[in-house]
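Each chain, letter by letter, is given below.
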Amino acid sequence: MGRVLVIGAGGVSTVAVKKIAMNADVFTDIMVASRTKSKCDKIAADIKNVKVKTAQVNADNVDELVALFNDFKPELVVNLALPYQDLSIMDACLAYGVSYLDTANYEPLDEAKYEYSWQWAYKDRFEKAGLTAILGCGFDPGVTGVYTAYAAKHHFDEIQYLDIVDCNAGDHHKAFATNFNPEINIREITQRGKYYEDGEWKETDPLSVHKPLNYPNVGPRESYLMYHEELESLTKNFPTIKRARFWMTFGQEYLTHLRVIQNIGMSRIDPVMYNGQEIVPIQFLKAVLPNPGDLGENYTGETSIGCRIRGIKDGKEQTYYIYNNCSHEAAYKETGAQGVSYTTGVPAMIGAKLFMQGVWRKPGVWNVEEFNPDPFMKELNEQGLPWHEMFNVDLEL
Ligand code: NDP
């Protein structure tokens, strides 16, 4: 038995549901439910080997979710809607009695604030109910946490310096587009930068700290320091870390568009009056930007995401770089979605699979690095996201 309910029908869900269907020996019954049922039907129609059920649901509404759970009786709910829905879906999971997995931490709609406190506060309730909640099981957060846990388990006695490096060297041939939900993406990137050093969090002006870093098979790319949610859980779960930072590459064209969007007020998340009606500028902007799910067709190039780690092994300093490169074209050929959706959807499926197999299952609320990384690492190699390691390399950081 492996009854899985996926909520959301965007780019990430498209990949995850296809990959779930490719693992039909573990996932015996599959449903995808979202705000717009036609998008679920489109995902289901592309899957030929098994029948995928579909449903309409407003994931902000706990009662509607519980009614859907009563109908489908899932063993696991995979939340691939937006971060705004995390808490209502977790509430519904507790009310019905089903385990939970997501790929992004909760974010209030009216405040771009990234922290796990809201979701960690559910730990006792999930534990008492005997239910598992797996948080942040995409690529970053997700695979980056598993990489760090793997490095800690096999290659270091003490991890001291962690730099997560995220490069998208792809070209979608559009003047400006985001690779996942534009609203969530722009909110995240326009925030102040933040990193962890010597027990405290240090802030920087948005995208003000940057340097070129060399990515395997890609070459040098300007990389910008920004805050990313896994820094919070990783510094908590690996207390030997002295410094943890996150870097992401952006092209000049992207940054110019972003600056204009900000300068003219289109990234605002507070409502403004327009023609007698309240609209939120960033939500309107999302409506006119390219749909990330439609970028795949002409997307060339690849992503390269990894962890650069310095620490101690057997009394000696060691450096280590573990990464995956993912081709947008190959991702599109396999799933009809581009590489960023692919690198998020595949790990979500792997987390769900390990839960179903009882391998990643323990009552409570957990970040991915709190589970055994080895079975996940094995699945990454088998499910389309192979990883590579380098030892004693110049980390450039
Ligand atoms: P999309 O915007 O493409 O898809 C989101 C889906 O959620 C849409 O189908 C949308 O419905 C649905 N949805 C939104 N609100 C509701 C609601 N109230 N009730 C029901 N359904 C709803 O996003 P992506 O697929 O790009 O991203 C999905 C998630 O993955 C996001 O949380 C994102 O932050 C996360 N992510 C994580 C990454 C990682 O590495 N950890 C990387 C990339 C993304 P509709 O179609 O009607 O709008």
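Since the model is a prediction, treat every value here as computed from it, not as a measurement. (Residues numbered from 1 in each chain as written. Predicted model: local features only at pLDDT ≥ 70, side-chain atom pairs only at ≥ 80, totals over all residues. Heavy atoms only, no water.)

### Some details on the overall build of the protein
Each helix and strand in the protein was counted, giving 14 helices and 18 strands. Compactness check: the protein gives a C-alpha radius of gyration of 20 Å against a globular reference of 21 Å for 397 residues, within 12% of the reference. Counting only C-alpha atoms and orienting by the principal axes, one finds that the protein spans roughly 55 × 55 × 40 Å. Residues counted as buried form 57% of the 397 residues belonging to the protein. For the protein, the proportion of contacts with a sequence separation of at least 24, taken over those separated by at least 6, is 72%. Looking at the protein, you have 39 positive and 53 negative side-chain charges, and the mean spots of the two groups are 3 Å apart. (Helix = DSSP H or I, 4+ residues; strand = E, 2+ residues; numbered from the N terminus. Rg over C-alpha atoms; globule rule 2.2 N^0.38 Å. Buried < 20%, exposed > 50% of the residue type's maximum accessible area, 1.4 Å probe, protein only. Contact = heavy atoms within 4.5 Å. Lys, Arg positive; Asp, Glu negative; His and termini not counted. Charge placed at Lys NZ, Arg CZ, Asp CG, Glu CD.)

### Section: helix α2 (residues 37-45)
Those residues of α2 lying buried are Cys 40, Ile 43 and Ala 44. An end-on view of α2 places all buried positions within 100° of arc, on one side of the element. If you follow the buried residues of α2, they end up packed against α1 (11-22), β2 (29-34) and β3 (52-56). (Arc of directions from axis to C-beta.)

### As for the state of the cysteines
Under the definition given, this model contains zero disulfides. Free cysteine: Cys 40, not disulfide-bonded; nearest cysteine sulfur from Cys 93 at 17 Å. Since its relative accessible area comes to 0%, Cys 40 is described here as buried. Here Cys 167 stays unpaired: no disulfide links it, and the sulfur of Cys 326, its closest cysteine neighbor, is 12 Å away. (Disulfide = S-S within 2.5 Å.)

### Focus: the pattern of salt bridges
Per the counting criterion, the structure on display carries 17 salt bridges. With a shortest N-O distance of 3.3 Å, Lys 37 and Asp 41 are connected by a salt bridge. One end of the pair, Lys 37, and the other, Asp 41, are both in helix α2, four residues apart, so they sit about a helical turn from each other. Judged by its relative accessible area of 33%, Lys 37 falls in the partly exposed class. For Glu 317, the salt bridge goes to Arg 310, with nearest N and O atoms at 3.7 Å. Since its relative accessible area comes to 21%, Arg 310 is described here as partly exposed. Linked through salt bridges whose partners overlap, the residues forming this network are Asp 163, Arg 243 and Arg 245. (Salt bridge = Lys/Arg side-chain N within 4 Å of Asp/Glu carboxyl O.)

### Description of the UniProt feature "domain: Saccharopine dehydrogenase NADP binding" (unreviewed entry) in the protein
Under the present numbering, the feature "domain: Saccharopine dehydrogenase NADP binding" (unreviewed entry) in UniProt falls on residues 4-134. Strand forms 20% of residues 4-134 and helix 40%; the C-alpha atoms that close the span are 14 Å apart. (UniProt positions renumbered as here; feature names shortened; annotations may be inferred.)

### A few points about the pairing of β3
In this structure, β2 lies alongside β3, joined through five bridges in parallel fashion. The residue bridging Ser 34 from the neighbouring strand is Gln 56, located in β3. As for the winding sense of the linkage, the β-α-β connection from β2 through α2 to β3 is right-handed. (Pairing = 2+ DSSP bridges. Right-handed = clockwise from strand over helix to strand, strands pointing away.)

### With respect to the packing of helix α3 (residues 62-72) against helix α4 (residues 86-96)
It is at 9 Å that the axes of α3 and α4 come closest, and there the two elements cross at 45°. Judged on the interaxial angle alone, α4 and α3 are oblique. Note on packing geometry: the crossing formed by α3 with α4 is right-handed. Seen from α3, the contacting residues are Val 62, Leu 65, Val 66, Phe 69 and Asn 70; seen from α4, they are Ser 88, Ile 89, Asp 91, Ala 92, Cys 93, Ala 95 and Tyr 96. Considering only residue class, the contact of α3 with α4 consists of nine nonpolar, two polar and one charged. (Axes fitted to C-alpha atoms, helices over the stretch in contact; angles between N-to-C directions. Parallel < 35°, antiparallel > 145°, perpendicular 65-115°, else oblique. Left-handed = near helix turned anticlockwise from the far one by under 90°. Nonpolar A, V, L, I, M, F, W, Y, C, P; charged D, E, K, R; others polar.)

### Things to note about the layout of surface pockets
If you add up the space inside the second largest pocket, you get close to 260 Å³. Contributing to the lining of the second largest pocket are 13 residues, with Tyr 114, Gln 191, Arg 192, Lys 194 and Tyr 227 lying nearest its centre. (1 Å grid on protein atoms, 1.4 Å probe; cavity = no way out; pocket = protein on both sides within 12 Å on 5 of 7 lines; lining within 4 Å. Points joined across faces, edges and corners; volume = space filled by probe spheres on them.)

### Comments concerning the side chain of Glu 232
The residue Glu 232 is located in helix α9 (residues 230-237) in this model. The buried charged residue Glu 232 lacks any salt bridge, with Lys 194 as its nearest oppositely charged partner at 7.1 Å. Of the polar contacts made by the side chain of Glu 232, one reaches the backbone nitrogen of Tyr 116; its length is 2.8 Å. Apart from the residues lying within four places of it in its own chain, the contact partners of Glu 232 are Glu 115, Tyr 116, Trp 120, Trp 201 and Tyr 227. (Polar contact = N/O pair within 3.5 Å; in protein donor to acceptor, adjacent residues only side chain to side chain.)

### Things to note about the site of the ligand
The full set close to the ligand counts 28 residues, and Arg 35, Thr 36, Lys 39, Ala 59 and Asn 181 are the nearest of them. Taking Asp 140, its main chain carries an N or O atom lying 3.0 Å from an oxygen atom of the ligand. Contact distances for the ligand include 2.7 Å between an oxygen atom and a side-chain N or O atom of Asn 181. With the chains in place, 93% of the 940 Å² that the ligand exposes on its own is no longer accessible. Class assignment for the residues of the shell around the ligand results in 13 nonpolar, 11 polar and four charged. (Near = heavy atom within 4 Å. Areas by Shrake-Rupley, 256 points an atom, 1.4 Å probe, with all protein chains shown as cover.)

### Observations concerning the UniProt feature "domain: Saccharopine dehydrogenase-like C-terminal" (unreviewed entry) in the protein
Per the UniProt record, "domain: Saccharopine dehydrogenase-like C-terminal" (unreviewed entry) is found at residues 138-385. Here residues 138-385 runs as 34% helix and 30% strand, with 12 Å between its end C-alpha atoms.

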